[in-house]
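Close look at the chain arrangement
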Amino acid sequence: MEAFERARLDAYFAKITARFAPDEQITSFLVTHLLSERPSFVRAVAAMSRLRAVLPKPKSITPAAQREVEQAVPVDVLSRELFADSDTALDYFESRAATEEIALLDVGGYFAPSLADVHGRFSGRLIGVIEDTENGHRRYQDLDKLPCPVISVARSPLKDPEDFLVGQSVVFSAEAVMRSRGDILHGRPALVIGFGKLGSSIARLLHAKGVQVTVFDIDPVRRTQALSQGFTVARDRHGALAGAGLVLCATGSVSLRGEDFAHLRNGAYIATVTSSEDELELSGLPDVYTRTMVGDHVTRYQTTGHYFYLANGGNAVNFLHGAGVGPFIFLVQAEILAGIRMFVREDLGPGMHEVSAADRAAIAAAWLSYFNR
């Protein structure tokens, strides 16, 4: 990012923080993709709250961005295990923010497993969570009972441009991985598992490239949507896997379990839009498969009479090429900042909440004034 672009971004976030400045500051913990432009967002979060720690997603850390953030805020190691056990999670929050009022800014539902226990036992007060992704939205929504408010921006209309562009980057990177091995998309039927906002975007982009696309989704409503848009909809996952030369996993949960891999067509490529721990049950793959790196970002899995390829170790394939979606990501980040103010100004009860349409309109207007040039 050039210096003038960084200055414009900082000015945009200054405008947003002034617009949504809370009456008082609460403490926050931030899970984020620590990419090259992310320090500006981190500074904005720190301006609106007492930011105690940044927890970068493990597979999406730019070293220069981490070094910049570490000069002002502690950067801690993030893992599912850290917040899977209630005692471990509680010890972490007590060590960083004992007796304080805290908000958790999440990407992917990391805090969900221990949320209820932390809420009940923390020496301070857990005010709530702000969640950025559909995967995380579902993790919180699926809890038996939410102990606090969860503000989700995952289904915001301000996220639609990001979802479309992420879909483009996924298709670009999947094709680049295949071409690095001398293979091409055309003539290779594709299976998209999951027809949510990302999966539908990926399916449409593949179709626009002349690829034959089949969709599989466990949700019957989404299957009807896929049919209405002209896609073939698989009746069962194993049958669909047998015919696919490229499998793109976009569910945010487990797309392929251990027993599914044996049904893959020989030479098929697998790519995901989230981390391997969310999409693929690689630990369930039979031990008879050997793993061999056959390219910088391609692993060949092989047993007698069967082989397939996995892109980027099963992690989000688009991060191989930066996963950039341009300035549109700043719309969603501004909505997260607006969510911080909601915890202070509004009496939110336990449950799922959204940023208001009026606040979204204000964010869009500010964004247009800085980036529609």
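Reading guide: rules and limits
- Sequence positions are assigned chain by chain, starting from 1 and proceeding in written order.
- With the structure being a predicted model, the display of local features is reserved for residues of pLDDT at least 70 and the display and counting of side-chain atom pairs for 80 or more, all residues being used for whole-chain, interface and lining totals.
- For the side-chain quantities, the full set of heavy atoms in the structure was used; hydrogens and water were omitted.
- Here, a strand pair is defined by DSSP locating no fewer than two bridges between the strands.
- Strands are runs of DSSP state E lasting at least 2 residues, helices are runs of H or I lasting at least 4, and numbering of each runs from the N terminus.
- Should any heavy atoms of two residues lie within 4.5 Å, those residues are considered in contact.
- Here the axes come from fitting lines to C-alpha atoms, over the contacting stretch only for helices, and the angles between their N-to-C directions go from 0 to 180 degrees.
- Counted as salt bridges are all cases of a side-chain nitrogen of Lys or Arg within 4 Å of a carboxyl oxygen of Asp or Glu.
- The buried label goes to any residue with under 20% of its type's maximum accessible area, the exposed label to any with over 50%, and the partly exposed label to all in between, with areas taken from a 1.4 Å probe on protein chains only.
- The domain limits used here are those given by an automatic or database domain assignment.
- Accessible-area loss on putting two parts together, using a 1.4 Å probe and summing over both, is the definition of buried area adopted here.
- Any N or O atom pair separated by 3.5 Å or less is treated as a polar contact, with the protein-specific requirement of one donor-capable and one acceptor-capable atom, and with residues adjacent in sequence counted only for side-chain atom pairs.
- Residue classes follow a fixed rule: Ala, Val, Leu, Ile, Met, Phe, Trp, Tyr, Cys and Pro count as nonpolar, while Asp, Glu, Lys and Arg count as charged, and any other residue, Gly among them, counts as polar.
- Stacked, edge-to-face and tilted labels apply to pairs of Phe, Tyr and Trp rings (six-membered ring for Trp) whose centres lie within 6.5 Å, assigned for plane angles under 30 degrees, over 60, and everything in between, in that order.
- When the NZ atom of lysine or the CZ atom of arginine is within 6 Å of a ring's centre and also within 35 degrees of its normal, the charge is said to sit over that ring.

**Let's talk about the sheet that holds strand 6 (residues 190-193)**
- An order of 8-7-6-9-10-13-12-11 is seen for the eight strands of this open sheet, with the pairing classed as mixed. Whereas interior strands pair on both sides, the edge strands pair on one side only; in this sheet they are strand 8 (232-233) and strand 11 (290-295).
- Bridge count for strand 11 against strand 12 (residues 298-303) is five bridges, and the pairing is antiparallel. Bridging from a neighbouring strand, R291 pairs with Y301 of strand 12.
- With respect to the sheet, helix 9 (residues 197-208) is in contact with strand 6, strand 7 (213-216) and strand 9 (246-249), its orientation differing from that of strand 6 by roughly 165 degrees.

**Some points on the pattern of salt bridges**
- As enumerated under the stated definition, the model contains 25 salt bridges in all.
- As a salt-bridge pair, E335 and R360 come within 3.0 Å of each other at their nearest N and O atoms. Here R360 lies in helix 14 (residues 357-371) and E335 lies in helix 13 (residues 329-345), a separation of 25 residues in the sequence. You'll find E335 and R360 in the same group, each marked buried.
- Several salt bridges converge on common partners, so that one network encompasses R6, D10, R43 and E68.

**Examining the domain arrangement of the chain**
- Under the domain assignment used here, the chain contains domain 1 (3-160 + 325-371) and domain 2 (161-320).
- Contact with domain 1, which involves 21 residues of that partner, is made by 15 residues of domain 2.
- Both faces considered, domain 1 and domain 2 share a buried interface measuring about 1,400 Å² in area, 50% of it formed by carbon and sulfur atoms.
- The interface formed by domain 1 and domain 2 holds seven residue pairs in polar contact (both at pLDDT 80 or more) in total.
- The element contributing the most residues to the side of domain 1 that touches domain 2 is helix 7 (residues 134-141), with four residues.
- Counted by class, the side of domain 1 that touches domain 2 contains nine nonpolar, four polar and eight charged residues.

**With respect to the packing of aromatic side chains**
- Evaluated as defined, the whole model comprises 21 aromatic pairs.
- Judged by centre distance (6.0 Å) and plane angle (70 degrees), the rings of Y12 and Y370 are edge-to-face. With Y12 in helix 1 (residues 3-19) and Y370 in helix 14, this pair connects stretches of sequence that are 358 residues apart.
- Measuring from centroid to centroid gives 6.0 Å for F13 and F41, while their planes differ by 45 degrees, and the two rings are tilted. Taken together, the residues F13 in helix 1 and F41 in helix 2 (residues 38-48) connect sequence positions 28 residues apart.
- Owing to a relative accessible area of 3%, F13 belongs among the buried residues under this scheme.
- Aromatic rings pair up to connect Y12, F13, F41, F328, F330, W367, Y370 and F371 into one cluster.
- Between the NZ or CZ atom of R80 and the centre of the ring of Y110, over which it lies, the distance is 3.8 Å.
- The residue whose ring lies beneath R300 is Y307, and the NZ or CZ to ring-centre distance is 4.1 Å.

**Notes on the sheet that holds strand 1 (residues 27-34)**
- Taken together, the six strands give an open sheet; going across it, the order is 2-1-3-4-5-14, and neighbouring strands pair in parallel fashion. At either end of the open sheet lies a strand with only one pairing partner, and these are strand 2 (50-61) and strand 14 (351-353). This sheet shows a mean twist of 20 degrees between the axes of neighbouring strands, independent of strand direction.
- Sheet topology places strand 1 next to strand 3 (residues 101-106); four bridges connect them, and they run parallel. Note that in strand 3 the partner of F29 across the bridge is L104.
- Each of strand 3, strand 4 (125-131), strand 5 (149-152) and strand 14 is contacted by helix 7, which is oriented at about 140 degrees to strand 4, the strand it contacts most.
- On the sheet, helix 13 packs against strand 3, strand 4 and strand 5 and is oriented at approximately 155 degrees with respect to strand 4.

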